[in-house]
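Structural description and commentary
Given next are the chains, with one letter for each unit.
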Amino acid sequence: METLKRTVTCGALTGADAGKTVTLNGWVNRKRDHGGISFINLRDRYGTTQVVVDADAPESLKAIANELKSEYCVAVEGTVRARPDSMVNPDMATGQIEVVASNLVVLTKCDVLPFQIDDETDAKEELRLRYRYLDLRSGGMQRRIKLRNDVAFAVREHMIGQGFYEIETPTFIKSTPEGARDYLVPSRLYPGKFYALPQSPQLYKQILMVSGFDKYFQIARCYRDEDARGDRQPEFTQIDIEMSFVGRDDVLAMVEGLMGHVFRKTMGLELPAAFKRLSYDEALELYGTDKPDLRFGMEMRDFEPYVAASTFQAFKDALATGAAEREANAAKGVTIQGGGVKALVVPGKADYSRKQIEELEAAARIYRAKGMAWMKVVAASGDSSGEGGKPSLEGGASKFFSANASEIIAGLGAKPGDLILLVADAKRRVANVALGAVRTKLGRDLGLCDPKRFEFAWIVDFPMFEWNEDEQKWDTAHHMFTWPQEKYHPTLESDPGSVKGDLYDLVLNGFELASGSIRIHDPALQKRIFKIVGFDEAEGEKKFGFLTEAFKYGAPPHGGIAPGLDRLVMLMAGETSIKEVIAFPKNSFAVSPMDDCPSEVDQKQLDELHLSIRYPEK
RNA sequence: GGGGGCGUAGCGAAGCUGGUUAUCGCGCCGGCCUGUCAAGCCGGAGAUCGCGGGUUCAAUGCCCGUCGCUCCCGCCA
């Protein structure tokens, strides 16, 4: 190998190198044999270089060239030659030159490929994962893995530059209740005891604040034993951050600086110095989700004001039921929302077919909407000039609103040619979420989601508690260590439903990119929260005792956040699945088709771990 | 736990309401070709239509079951 070791990479040579003798190592990307002359595109991770075996080359060289096939790993010795003007390939970084081979050595051969290695492969995901090493050779995967590297580097560069320490926390930790299911690791030394893999370094980073480390970050692997999704894997990476002596705005500003640096450094993009902020309530009312895609507007409107004057009984019933439920709960001291009727005006889509509208309705039904009403706004009839008369409503549910059609059209700001979509529910949240899902689908269908645009926003003022109807108790909406906003401290117990937490999510193009909060550092307040959610104090002591104990020793006020690295890189790469930016991801059943993980283990190993398996009955 | 979709040569797909030798592109094999860069041209091989059962004179197609994959809801503090 010594004499065949590369002197340059396949992405390096330019016209200035003409005449040089070089050695290249790489893979045969493509071969084009023209009888006398043949071309080999040699590829490595730096690029592709055209290698030529000339017509007057020795027969022995031609013979080797003849045997080359796709993805053979080869070494080439040769001379750099400038291509004649007419043969320059402007689409190729090295397109000005080619390397005239004087020696070709096959380092290793390659079997017939299970799928072709292309920038954007059309092979099914299962196959790509099974042969991930081949998939990773593709231009697309190479670019995304590089981007991921660049982003991780930029993160470290920025954070350390800002005075943060990167500190590793354990990946064998104590299993804690609440939250997602833990992955467990059995202990050999302690029969019946288990380590858990962390869902996040949450408790450790808070303890690091107690220890005075002030500004901490870590690019941390996290594990959650829940079903996978496009943007969810059983193991994933987050940029875990915690700071002391800060309030919410300090954390937000820090992340704005971080994102600004990462996008500038890796993509040459300048982000706004500060991101838009929306309250959770606003986000839900306007977009029907706490992770709105702000690349397009199409905000939802309240439709309740128009229900009374209409004859649409379904809407009236939804509101009446919602009001009754709200009052029944209020009598118990539980603040909940009532019903809701929401409207979405889709500009210029009055020409949508019944089928298209039904597809939108299906999106609403997935989120438990009972149905979706619609009507079309049409220009005044009987007036061919289109002037003078008022626009009116037609089709769908319009007959129920004939009495106040003009008021509705004006109130919603709708124009002739627009489509109005309506969802009502006794639970306001259902109406919001269902119609919000329709908005999201429309954004995609109408091509309003430009993958080159990055619309960040902060969602703030999340509710602290959620009413659990099944168990008739309060749960924390996020985690139990979240700081309730100061102004609610006097009324925590008397009106939990109104309490907002000092919580903040960073959203980007419809994805939750980061979630964080100011934490409780006061043991007394922590006890109150435990009590409100009915978390047994003795149990809490056993599970989180080390944290509450630590807080007794001069805990600083602190807060943090954790942007997801996979999701960030996914969005930067214009992808919709984090599998595209993870070298070796699991499939949707948490299985790695390449190495067939998870797998069974020897009885000997089980014995050592004091485990016996009880298989589920079929 | 629930719902939608998919399963046809190595890969990606077509195959309309059941009816001769199951089609196309890429790849693969062989041949031709001195300038291609998604090379081109000619020829060829390659499929128990995921698996099992049923209906039928006849099933890739219809029905039932099963397995695998995929997306979504729930779940993911």
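A brief report on the enclosed structure follows. (Residues numbered from 1 in each chain as written. Chains lettered and ligands numbered in written order. Predicted model: local features only at pLDDT ≥ 70, side-chain atom pairs only at ≥ 80, totals over all residues. Heavy atoms only, no water.)

A word on the pattern of salt bridges
The final tally for this structure, using the stated rule, is 45 salt bridges. The residue arginine 428 makes a salt bridge to glutamate 304 at a minimum N-O spacing of 2.7 Å. Of this pair, arginine 428 sits in helix H11 (residues 428–445) while glutamate 304 sits in the loop between strand S12 (301–302) and helix H8 (313–331), placing them 124 residues apart in sequence. Overall, arginine 428 belongs to the buried group, its relative accessible area being 13%. A salt bridge links aspartate 445 to lysine 441; the nearest nitrogen and oxygen atoms lie 3.1 Å apart. Within this pair, aspartate 445 and its partner lysine 441 are both found in helix H11, separated by 4 residues, close to a single helical turn. (Salt bridge = Lys/Arg side-chain N within 4 Å of Asp/Glu carboxyl O. Helix = DSSP H or I, 4+ residues; strand = E, 2+ residues; numbered from the N terminus. Buried < 20%, exposed > 50% of the residue type's maximum accessible area, 1.4 Å probe, protein only.)

Here we look at the environment of glycine 297
Along the polypeptide, glycine 297 turns up in the loop between helix H7 (280–287) and S12. Glycine 297 sits in the partly exposed class, given a relative accessible area of 37%.

Some details on the state of the cysteines
Scanning all chains against the criterion turns up 0 disulfides. No disulfide involves cysteine 73; its sulfur sits 9.7 Å from that of cysteine 110, the nearest cysteine. For the unlinked cysteine cysteine 222, the closest cysteine sulfur is that of cysteine 597, found at 18 Å. For cysteine 222, a relative accessible area of 0% gives the class buried. (Disulfide = S-S within 2.5 Å.)

Some remarks on the environment of aspartate 302
Relative to the elements of secondary structure, aspartate 302 occurs in strand S12. Beyond its immediate stretch of four places on either side in the chain, aspartate 302 contacts Glu285, Val341, Lys342, Leu412 and Arg428. A distance of 2.7 Å separates the side chain of aspartate 302 from the side chain of lysine 342, its partner in a polar contact. A distance of 2.9 Å separates a polar atom in the side chain of aspartate 302 from a polar atom in the side chain of arginine 428. (Contact = heavy atoms within 4.5 Å. Polar contact = N/O pair within 3.5 Å; in protein donor to acceptor, adjacent residues only side chain to side chain.)

Section: H7
Residues of H7 that are buried: Tyr280, Ala283, Leu284, Glu285 and Tyr287. Where H7 terminates, the next one or two residues include glycine 288, which has phi positive at roughly 70 degrees.

So, the packing of aromatic side chains
Under the definition given, this model contains 19 aromatic pairs. Note on phenylalanine 275 and phenylalanine 456: the rings are 4.5 Å apart at their centroids and 10 degrees apart in plane angle, and the pair reads as stacked. In this pair, phenylalanine 275 sits in the loop between helix H6 (248–267) and strand S11 (276–279) while phenylalanine 456 sits in strand S17 (residues 456–460), placing the two residues 181 residues apart along the sequence. Phenylalanine 456 matches phenylalanine 275 in its accessibility class, with the two residues each being buried. With 4.5 Å between their ring centres and 5 degrees between their planes, phenylalanine 312 and phenylalanine 400 make a pair best called stacked. With phenylalanine 312 in the loop between S12 and H8 and phenylalanine 400 in the loop between strand S15 (392–394) and helix H10 (405–412), this residue pair connects regions lying 88 residues apart in the sequence. On the accessibility criterion, phenylalanine 400 (25% relative accessible area) is partly exposed. In textbook terms, an aromatic cluster arises when at least three aromatic residues are bridged by ring pairs, as seen for Phe263, Phe275, Phe454, Phe456, Trp458 and Tyr504. In this arrangement the basic side chain of arginine 439 is found over the ring face of phenylalanine 296, its NZ or CZ atom lying 4.1 Å from the centre. (Phe/Tyr/Trp six-rings, centres within 6.5 Å; stacked < 30°, edge-to-face > 60°. Lys NZ or Arg CZ within 6 Å of the ring centre and 35° of its normal.)

Quick notes on the sheet that holds strand S3 (residues 47–53)
Taken in spatial order, the 5 strands of this closed barrel run S1-S2-S3-S5-S4, and their pairing is mixed. Across the sheet, the mean angle from the axis of one strand to that of its neighbour is 55 degrees, orientation sign disregarded. Packed on one face of the sheet, helix H1 (residues 59–67) meets strand S1 (21–33), strand S2 (38–44), S3 and strand S5 (97–108) and runs near 70 degrees to S5. (Pairing = 2+ DSSP bridges. Axes fitted to C-alpha atoms, helices over the stretch in contact; angles between N-to-C directions.)

Some details on the side chain of histidine 558
Tracing the backbone through its elements, the reader meets histidine 558 in strand S22 (residues 558–563). Separated by 3.0 Å, the side chains of histidine 558 and glutamine 206 make a polar contact. In this structure histidine 558 touches Gln206, Met209, Glu242, Met243, Ser244, Ile518, Arg519, Ile520, His521 and Phe551, once residues within four positions along its chain are discounted.

Some points on the sheet that holds S12
Read from one edge of the open sheet, 5 strands run S12-S13-S16-S14-S15, paired in antiparallel fashion. Each edge of the open sheet is held by one strand with a lone partner, namely S12 and S15. In this structure, strand S14 (residues 373–378) lies alongside S15, joined through 3 bridges in antiparallel fashion. The residue of S15 that forms the bridge with lysine 376 is glutamate 394. Packing against the sheet, H8 makes contact with strand S13 (340–346), S14 and strand S16 (419–425), and its axis sits at approximately 40 degrees to S16.

Digging into the protein's contact with RNA strand B
What surrounds RNA strand B is a group of 47 residues, the closest being Lys69, Glu98, Gln116, His478 and His479. Within 4 Å of the protein, atoms of RNA strand B come from sugar and phosphate in 53% of cases. Residue methionine 87 places a main-chain N or O atom 2.8 Å away from a base nitrogen belonging to RNA strand B. Residue lysine 579 places a side-chain N or O atom 3.2 Å away from a phosphate oxygen belonging to RNA strand B. Those elements that place two or more of their residues in the surface near RNA strand B are S1, S2 and helix H2 (125–130). Among the residues making up the surface near RNA strand B, the classes are represented as 14 nonpolar, 15 polar and 18 charged. (Near = heavy atom within 4 Å. Nonpolar A, V, L, I, M, F, W, Y, C, P; charged D, E, K, R; others polar.)

Concerning unusual backbone geometry
That bond from cysteine 597 to proline 598 is cis: its omega, 5 degrees, falls within 30 degrees of zero. Along the chain, proline 598 turns up in the loop between helix H14 (565–572) and helix H15 (603–608). With a phi angle near 70 degrees, aspartate 214 is a residue other than glycine that sits in the positive phi range. With respect to the helices and strands, aspartate 214 occurs in the loop between helix H5 (202–210) and strand S9 (215–223).

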